[in-house]
Amino acid sequence: MPRSLKQMNSTSFFPMCIGNERCCHQRLQGFSLQTVSSDNSTVFSFRDTEPEPQLVYTVTGSPHKAGAVWIQPRSAPRRILTLCEVQVFGDSLCAAGYYGLDCQQHCNCAGPASTCFIATGSCMDGCRPGYQGEDCSQACRPGRWGKDCAQICSSACAEQSCDHVTGVCDRGCVGALPPLCATECEQGYYGTNCTLECPPHCKDGACNMSSGSCPHCEPGYTGDFCTQVCPDKMFGPACLHRCSDHCQTDTLGRLEVCHHVTGTCILGCHDGYEGFNCTKATETHPLTSVFIGVSVSVGGSVSTVFNTSWPIG
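Given the structure is predicted, the values throughout are model-derived calculations rather than measurements.

**Side note on the overall build of the chain**
Here's step 1: For the chain, the helix and strand inventory stands at zero helices and 24 strands.
Here's step 2: Counting across all 313 residues of the chain, residues that qualify as buried make up 34%.
Here's step 3: Partitioning the contacts of the chain with sequence separation of at least 6, the portion at a separation of at least 24 is 35%.
Here's step 4: For the chain, the accessible area works out to roughly 19,200 Å², and carbon and sulfur atoms hold 52% of it.

Okay, here's the thing in structure tokens:
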């Protein structure tokens, strides 16, 4: 028989199954097998050491590239080699990226050729970014992406969801800019893809980039989103200042006592007080002289008899 079982062009393969008929299977006992490269150098070798002859021999090993398979009978006195069936499993029968019976299954191997072993679908060069598993057919689990699924989706990805290959946040960003949600919103904006403006009374225009709530309010405003004016009789930063007790009040309760931002008394001051917030007492001026005048009416006309003043004190 020919020494070389099959000649191939540097094909990756394994395992191999070698069988014989029951009538003469003892002839195969003690055989040796070699895989060789295109220059006939040995890549893998195997020798049968079973104590009894076998009907089927399964030769396994690490997948490797080889150009030919050589099978030799055992040494003298018996040198008859009888083979009924030889099965060699490798990747030479399927196009790159496919494996299995009729090459119907798809693998996602890394490397320019994207080749996988025809029997198992396992990849010599690992998986393409975004895939995992023996045959690299499984996408990264939710929240992971990239080579070996080692990258974590940005915490700013909506619902912690991103593309398993590129890491792009496929449901948008919360408080950050697309596509990778790695850059926070500019000041004054928040929400999905930074499309919403912060509430108008947030101090310095700054708000939480996810929720839009204000860390601090402008003077005169309160609440998580600074949408409420200070409570009645309060004003200023954080609504911590009380309106003056000398502000006039609206008896009908329709107007605030003082302005919620500046503290200015809306209806003016009580008697005796002045200033924009009615905290200054009105100044009084003492009399320095008395003026006396006398007028007399005669025949329907009025005439002044005398008109003078005297200093006091």
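**Quick word on the pairing of strand β2 (residues 32-36)**
Here's step 1: For β2, a buried count of four out of five residues is recorded, marking the element as mostly surrounded by other parts of the structure.
Here's step 2: Here β2 runs beside strand β3 (residues 42-47); their pairing, made up of five bridges, is antiparallel. Note on β3: the bridge partner recorded for Val36 is Thr42.

**Quick look at the state of the cysteines**
Here's step 1: Scanning the model with the defined rule gives 14 disulfides in all.
Here's step 2: Shown here is the disulfide that connects Cys173 with Cys181, its sulfur atoms set 1.8 Å apart. The sign of the -85° torsion about the S-S bond sets the Cys173-Cys181 disulfide as left-handed. As far as the burial class goes, Cys173 and Cys181 line up, both buried.
Here's step 3: Here Cys198 engages in a disulfide with Cys207; their sulfurs sit 2.0 Å apart. When the S-S torsion is -65°, as for the bridge of Cys198 with Cys207, the disulfide is left-handed. For the residue pair Cys198 and Cys207, the accessibility class agrees, reading buried in each case.

**Considering a nonpolar patch on the surface**
Here's step 1: Taken together, the side chains of Leu255, Ile266 and Leu267 make up a nonpolar region of the molecular surface, amounting to roughly 240 Å² of accessible area.
Here's step 2: Along the polypeptide, Ile266 turns up in the loop between β20 (241-242) and β21 (273-274).

**Considerations on the confidence of the model for the chain**
Here's step 1: Looking at the chain as a whole, the pLDDT averages 80, with 80% of positions reaching at least 70.
Here's step 2: Per-element averaging of pLDDT across the chain places strand β24 (residues 301-311) at the bottom with 50 and strand β17 (residues 221-222) at the top with 96.
Here's step 3: pLDDT under 50 marks residues 1-10. Its contacts with residues more than four places away, or in other chains, come to 26 contacts.

**Some words on the pattern of salt bridges**
Here's step 1: Scanning the model with the defined rule gives one salt bridge in all.
Here's step 2: Here Arg171 ties to Glu159 by a salt bridge, and the two come within 2.4 Å at their closest N and O atoms. Placement of the pair is Arg171 in the loop between β12 (151-152) and β13 (176-177) and Glu159 in the loop between β12 and β13, with a sequence separation of 12 residues.

Conventions we followed
Residues numbered from 1 in each chain as written. Predicted model: local features only at pLDDT ≥ 70, side-chain atom pairs only at ≥ 80, totals over all residues. Heavy atoms only, no water. Helix = DSSP H or I, 4+ residues; strand = E, 2+ residues; numbered from the N terminus. Buried < 20%, exposed > 50% of the residue type's maximum accessible area, 1.4 Å probe, protein only. Contact = heavy atoms within 4.5 Å. Areas by Shrake-Rupley, 256 points an atom, 1.4 Å probe, with all protein chains shown as cover. Pairing = 2+ DSSP bridges. Disulfide = S-S within 2.5 Å. Patch = residues over 30% accessible without salt bridge, like charges linked within 9 Å, V, L, I, M, F, W, Y side chains within 5 Å. Salt bridge = Lys/Arg side-chain N within 4 Å of Asp/Glu carboxyl O. pLDDT = per-residue confidence, 0-100.

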